[in-house]
Amino acid sequence: MIETIEHLGLGLSVAFTLQNVFFCFLGCLIGTLVGVLPGVGPVATISILLPVTLSLDPTGALIMLAGIYYGAQYGGSTTAILVNIPGEATAVVTAIDGHEMAKKGQAGLALGLAAIGSFIAGTFATIVIAALATPMTKLGLLFGPAEYFSLMIMGLVLAVVLAHGSLVKALAMIVAGVLLSCVGADMETGRERMTFGLPMLIDGIEFVVLAMGIFGFGEIFKNLADPEKRDVMRGKIGRLLPTFGELRQNLGAILRGTGLGSILGVLPGNGAILAPFASYALEKRISDRPQDFGKGVPQAVAGPESANNAGAQTSFIPLLTLGLPPNAVMALMVGAMMIQGIVPGPQVIENSPDLFWGLVASMWIGNLMLVVINLPLIGVWVKLLKVPYRLLFPAIVAFCCIGLFSISNDPAQVMMAGVLGLLGFALYKLQFEAAPLALGFVLGRLLEEKLRQALIISDGSMTTFLTSPLSLGLLLVGAVALIIAVLPSIRRSRDEIFVED
Amino acid sequence: MFTFTRRFVLGVTAATLTLSALPAVAQDYPSKPVTLVVSYAAGGGTDAIARVFASRLEKALGGRVIVENRPGAAANIGTEVVAKADPDGYTLLIGNQGPMVVNPHIFNLRHDPAEALDPIAMIADAQLVVVVGPRLPVKSMAEFLEKAKSQQLVYGSAGNASASHVATLLMGQTAGIDLKHVPYKGAGPAVNDLVGGHVDFMVTTVPSVIGLIQDGTLTALAVTGKERFAALPDVPTVAESGLPEYSASAWYGLLGPKGLPEDVRAKLAEGTAEALADPAFVESLQKDGGVPSNLVGQGFADFMAAERTRWGEVVKAADIKVE
């Protein structure tokens, strides 16, 4: 404990130099901006800025890049809430209830809760990194292919809870998402599946492309098709900041989301992306008014946003303690460290404690800065809603296209998102929800990968999922959730809850 | 006295126009930014080398060199982009082992890299390292081979047909042992499962595990090159450890579309040599596990042809092919 405080003290002394505070601010500002712009993500931004960091000192460079990463997670929710387009893939969940709140004239409240929830989550996650990095690393390592697969199965069961319409339709969407995730070259044999011979599909569909297509372009088609509906929210902006009472009502959701996000963030293979989905499912389960989820419940914004931010932060743990990047942004951070001549790995913490603890402490400062940058900006963001649609829509489409193109400098990605946009519009017309599809897509890819890895290791024996205690436990949780969902008596009340629209 | 006649002026103008329509000549090259295509996403090993190389090549050429990531389809997309580009020296490729010599045996490629590309110069040779994790507590290559004969060992790789996969295949074939392959998406998650004790061993790039080796989390049994690796002086080569004919490395080189003007090609080869003469660049290559190369033009082409034959046999013996 004393040690942790000493370490944080060292970190703060490094992070609080004028230069590093400036880099932290710069990173958070750039991150917020690219996060707000739909499609333009931290991966493209950091890879563009990578050569620039060569001329900086290592600590300052990493502090700035880290700021871009969590700043983008944060900015992504702004676009999700205001225009129902997740600026970042992880903001898909925030868009569900966040945008409904905006429509009700509570855009300020939603943005405020997201900001404050993210700050609390960021503060907590910083302490987790400082105090528990080593045990958390061990936890992440426990998840081999078998355990990971069982976690995904549990996630799929919980995914049903995401739906607020018909259960059958939600299941159909999850399955469709899983199927879409199977498009592309087989990981083991390289054989093409469901690509129709199109080169652009060989590597499968990028999640950003799916999200920008179905949610981004789909939302714009939807608004153009229903001009009356979109005008509902005109002029109603409401209070900008949550009251103390509202904060108290959401504190539980924020803390639960923070806990979930902190744990899921350390998992390899971008486990953090699950965090907001898991938080949403949890909040809906324990809420006393689950029937309102999907219609603008503050907890459904505060929880997932906190989970998202906590996960973004704890995903630094495997990078810092093992030198292993859990996602594409972290891989770029490894690149940045190497350019600076730092070998990422367990020895970073001993060889360059000032860098390690400085970076950790800067995360807390960064989170504070995000609040400072964003709270005053909420008013500005909300005014975006006043921009005439004839200007707003082309701008959104343009930014989406830039972002999509920047994924791999390939126009095919933009076209693919366009086609998915039509799919998104069709789903909307047929009253299917897109969020379970997105979750099915996210889970599906890992599900297949981990299933096959686990079965190769076990020589095809399915018992591998039952012999590992952790895997067994996760499957049992999933099974219990499933039984509760299908038990006839409970189902009756469920149907009342779900099918009323 | 010399006077400008109307005919003379027209003639000069026409000559200038004709000249400017010709492909770039070495004196003007480069007159606009050069695009260096990397067939992998930003942040990977090849990308890191390409970015440092680009900054050195810029100095040598005296013009902008821009790295463009064109990832996809097992790095075949980047190859295709450059194969289809004009051979004017303004679109170049960082080619490496996988797409240049392994993929032609596995995929039905629209452009055979040996026919569609002109090798300019090899940049570096990067050897791999054999590492074991907590699941397989052996200390030497001899113990490892002994163990592999009594039980089937499981290895992770950075993906199907990746350098780490084919290097392990070759090791299994050379030693006559049967190994079980678990493909991952990239070296990161595979190393994660090695550290977590879910797979036995890995043959992987040096930068992906050097920190974990130095820390003692993973044990390096051998390096795959012909010589020991400077940063791991106590680790023997696989060849020293009982498989004398074994060697494997992931290498990087500079290529352009077929038909580059000879002088542009020479200038680029010179630029590469100049970059490789810079101690700072060599040092950063070594950090990535690379050893600078001096192969140019035909020498590089011959090297690739030999590699292609060699890996073709490995891939064929393991029967990995995509229809």
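Here the structure is a predicted model, which is why all the values come from computation and not from measurement.

## Notes on the overall build of chain B
Looking only at helices and strands, chain B features 12 helices and 10 strands. Each of the 323 residues in chain B was classed as buried or not, and the buried ones make up 56%. Total accessible area on chain B is roughly 13,400 Å²; 56% of this is exposed by carbon and sulfur atoms.

## Looking at the pairing of strand S6 (residues 179-183) of chain B
As a general feature of sheets, a regular strand has side chains that alternate between the two faces. Residue and element names in this part refer to chain B. Burial analysis of S6 places five of its five residues in the buried class, which makes it a mostly covered element. Here S6 shows a buried face lined by Leu 179, His 181 and Pro 183 and a second buried face lined by Lys 180 and Val 182. Both strand S5 (residues 153-157) and S6 contribute to a ladder of five bridges, which runs parallel. The residue of S6 that forms the bridge with Tyr 155 is His 181. As for the winding sense of the linkage, the β-α-β connection from S5 through helix H7 (residues 163-175) to S6 is right-handed.

## Quick word on the domain arrangement of chain B
Residue and element names in this part refer to chain B. According to the domain assignment, chain B contains domain 1 (25-126 + 250-318) and domain 2 (127-241). Contact with domain 1, which involves 17 residues of that partner, is made by 12 residues of domain 2. Both sides of the domain 1 and domain 2 interface together cover about 1,100 Å² of buried area, and 71% of this is carbon and sulfur. Counting across the domain 1 and domain 2 interface gives zero salt bridges. Here domain 1 and domain 2 share one residue pair in polar contact (both at pLDDT 80 or more) between them. Of all the elements in the fold, those that place two or more residues in the side of domain 1 that touches domain 2 are helix H4 (97-106), strand S4 (117-132), helix H11 (279-287) and helix H12 (297-318). With six residues, the single largest contributor to the side of domain 1 that touches domain 2 is H12. By residue class, the composition of the side of domain 1 that touches domain 2 is nine nonpolar, four polar and four charged.

## Some remarks on the interface of chain A and chain B
Listed as interface residues are 40 residues of chain A and, on the opposing side, 41 residues of chain B. Carbon and sulfur atoms make up 59% of the surface buried where chain A meets chain B, a total of about 3,300 Å² over both sides. Together, Leu 141, Leu 324 and Ile 457 of chain A form the three largest contributors to the area buried by chain A at its contact with chain B, with a combined 16%. Taken together, the links from chain A to chain B amount to two salt bridges. Two residues, Lys 185 of chain B and Glu 449 of chain A, come together in a salt bridge whose shortest N-O distance is 3.5 Å. Counting the contacts that link chain A with chain B gives 11 residue pairs in polar contact (both at pLDDT 80 or more). Secondary-structure elements contributing two or more residues to the side of chain A that touches chain B are helix H3 (42-53), helix H6 (107-142), helix H7 (145-162), helix H15 (328-339) and helix H20 (434-457) of chain A. Take the side of chain A that touches chain B: its biggest share by element is six residues, from H20 of chain A.

## Structural notes on the packing of aromatic side chains
What the rule picks out here adds up to 16 aromatic pairs over all chains. Here the aromatic rings of Phe 221 of chain A and Phe 425 of chain A are separated by 6.5 Å at their centres, their planes lie at 75 degrees, and the arrangement is edge-to-face. Placement of the pair is Phe 221 of chain A in helix H9 (residues 207-225) and Phe 425 of chain A in helix H19 (residues 411-429), with a sequence separation of 204 residues. For Phe 221 of chain A, a relative accessible area of 29% corresponds to the partly exposed category. Ring geometry for Phe 53 of chain B against Phe 281 of chain B: centres 6.0 Å apart, planes inclined by 40 degrees, an arrangement best described as tilted. Here Phe 53 of chain B, found in helix H2 (residues 45-61), pairs with Phe 281 of chain B, found in helix H11; they are 228 residues apart in sequence, far enough to count as distant. Of the residues examined, Phe 281 of chain B reaches a relative accessible area of 1% and is grouped as buried. Members of the aromatic cluster, each reached through a chain of ring pairs, are Phe 221, Phe 425 and Tyr 428 of chain A. Stacked on the ring of Tyr 90 of chain B, the Lys or Arg Lys 32 of chain B has its end atom at 4.7 Å from the ring centre.

## Considerations on empty space enclosed by the protein
On inspection of all chains with the given rule, the structure shows three cavities of 30 Å³ or more. Lining of the largest cavity is provided by Tyr 74, Ser 77, Thr 78, Leu 111, Ala 114, Ala 115, Ser 118, Glu 305, Asn 374, Ile 378 and Trp 381 of chain A. Elements represented by at least two residues in the lining of the largest cavity include exactly helix H4 (58-83), H6 and helix H17 (353-383) of chain A. At four residues, H6 of chain A tops the list of elements feeding residues into the lining of the largest cavity. Taken together, the residues that form the lining of the largest cavity break down as six nonpolar, four polar and one charged. The computed volume of the second largest cavity comes to approximately 50 Å³. Around the second largest cavity, the lining residues are Met 136, Thr 137, Gly 140, Leu 141, Val 266, Ile 317, Pro 318, Thr 321 and Leu 322 of chain A together with Asn 192 of chain B. Only H6 and helix H14 (316-322) of chain A provide two or more residues apiece to the lining of the second largest cavity. When grouped by side-chain class, the residues that make up the lining of the second largest cavity number six nonpolar, four polar and no charged.

The rules behind each value
Residues numbered from 1 in each chain as written. Chains lettered and ligands numbered in written order. Predicted model: local features only at pLDDT ≥ 70, side-chain atom pairs only at ≥ 80, totals over all residues. Heavy atoms only, no water. Helix = DSSP H or I, 4+ residues; strand = E, 2+ residues; numbered from the N terminus. Buried < 20%, exposed > 50% of the residue type's maximum accessible area, 1.4 Å probe, protein only. Areas by Shrake-Rupley, 256 points an atom, 1.4 Å probe, with all protein chains shown as cover. Pairing = 2+ DSSP bridges. Right-handed = clockwise from strand over helix to strand, strands pointing away. Domains from an automatic or database assignment. Contact = heavy atoms within 4.5 Å. Buried area = accessible area lost by both parts, 1.4 Å probe. Salt bridge = Lys/Arg side-chain N within 4 Å of Asp/Glu carboxyl O. Polar contact = N/O pair within 3.5 Å; in protein donor to acceptor, adjacent residues only side chain to side chain. Nonpolar A, V, L, I, M, F, W, Y, C, P; charged D, E, K, R; others polar. Phe/Tyr/Trp six-rings, centres within 6.5 Å; stacked < 30°, edge-to-face > 60°. Lys NZ or Arg CZ within 6 Å of the ring centre and 35° of its normal. 1 Å grid on protein atoms, 1.4 Å probe; cavity = no way out; pocket = protein on both sides within 12 Å on 5 of 7 lines; lining within 4 Å. Points joined across faces, edges and corners; volume = space filled by probe spheres on them.

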